[in-house]
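Tertiary structure, described
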Amino acid sequence: MFVGALPLSEIDSSKLGPHANMYLCDTPAGINMRNTMHNRVKADAFVPAGGRPATINDQNWTKFLDKDGRPASKLIVEGANLFLTPHARERLAEHGCVI
């Protein structure tokens, strides 16, 4: 796929594992999955490279917390796009997230 510069839609889904799902961004479900991935994935470190500015913001920063109030990732390494707003950054830091 890489050599042929093919889009993800060209992946042979029969080669995916039994628990795999593929969502393309040409459907509402795919767009929602892309836009909320950072709230669903737990990781030691989160590097939102290429993310949109203010993706985690004043209104939705709590969605990055699990049911016990812990961040989905203890470390966020922001790139140039300012993935978090200042308010979200402060609130997540108060919950133990190093940014």
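Above this note sits the structure.
Description of the structure in this document. Keep in mind that what you see is a predicted model, and the values were worked out from it rather than measured. (Residues numbered from 1 in each chain as written. Predicted model: local features only at pLDDT ≥ 70, side-chain atom pairs only at ≥ 80, totals over all residues. Heavy atoms only, no water.)

Quick notes on the overall build of the protein chain
Let me state the cut-off plainly: A run of H or I in DSSP counts as a helix once it spans at least four residues, and a run of E counts as a strand once it spans at least two, with each numbered from the N terminus. C-alpha atoms define the radius of gyration in this analysis, and the globule rule sets the expected value at 2.2 Å times the number of residues to the power 0.38. Every residue pair with non-hydrogen atoms within 4.5 Å of one another is taken to be in contact. Each accessible area value is a Shrake-Rupley result obtained with a 1.4 Å probe; residue values ignore everything except the protein chains displayed when judging cover.
Along the protein chain, the regular secondary structure elements total two helices and two strands. Its helices and strands taken in sequence order, the protein chain reads α-β-β-α from the N to the C terminus. Against the compact-globule benchmark of 13 Å for 99 residues, the protein chain has a radius of gyration of 16 Å, which places it well outside the compact range. Taken over the C-alpha atoms alone, the protein chain extends approximately 45 × 30 × 25 Å along its principal axes. Intrachain contacts of the protein chain at a sequence separation of at least 6 include 56% that bridge at least 24 residues. Accessible surface, the protein chain as shown: approximately 7,100 Å² in total, 58% of it carbon and sulfur.

Considerations on the nonpolar core
Stated formally: Residues grouped as a nonpolar core are buried Ala, Val, Leu, Ile, Met, Phe, Trp, Tyr and Cys residues, joined through side-chain atoms within 4.5 Å. Only protein chains enter the accessibility calculation, which uses a 1.4 Å probe; a residue is then buried when its area is under 20% of its type maximum, exposed when over 50%, and partly exposed in between.
Listed in full, the 12 residues of the largest apolar core are Phe46, Ile56, Trp61, Phe64, Leu65, Ala72, Ile76, Phe83, Leu84, Ala88, Leu92 and Cys97. Setting aside its immediate chain neighbours within four residues, Phe46 contacts His38, Phe64, Ser73, Leu75, Ile76, Val77 and Phe83.

Remarks on the pattern of salt bridges
Opposite charge on two side chains permits pairing when their charged atoms draw close. Going by this rule: Just to be clear on terms, a salt bridge is a Lys or Arg side-chain nitrogen sitting within 4 Å of an Asp or Glu carboxyl oxygen.
Inspection of the entire model under this criterion finds six salt bridges. The residue Asp68 makes a salt bridge to Arg70 at a minimum N-O spacing of 3.2 Å. On the basis of relative accessibility, which here comes to 53%, the residue Asp68 falls in the exposed class. We note a salt bridge from Glu90 to Arg91, for which the minimum N-O separation is 3.6 Å. Note on Arg91: relative accessible area 18%, which makes it buried. One salt-bridge network, held together by shared partners, links Lys42, Asp66, Asp68 and Arg70.

Some points on helix α1 (residues 28-40)
Defined as follows: Here a helix's expected span is defined as the number of its residues, less one, multiplied by 1.5 Å. The angle between axes fitted to the seven-residue stretch ending at a residue and the seven-residue stretch beginning at it gives the bend at that residue.
An ideal rise of 1.5 Å per residue puts 18 Å on 13 residues; α1 measures up with 17 Å between its terminal C-alpha atoms. In the structure, α1 departs most strongly from a straight axis at Arg34, where the bend amounts to approximately 40°.

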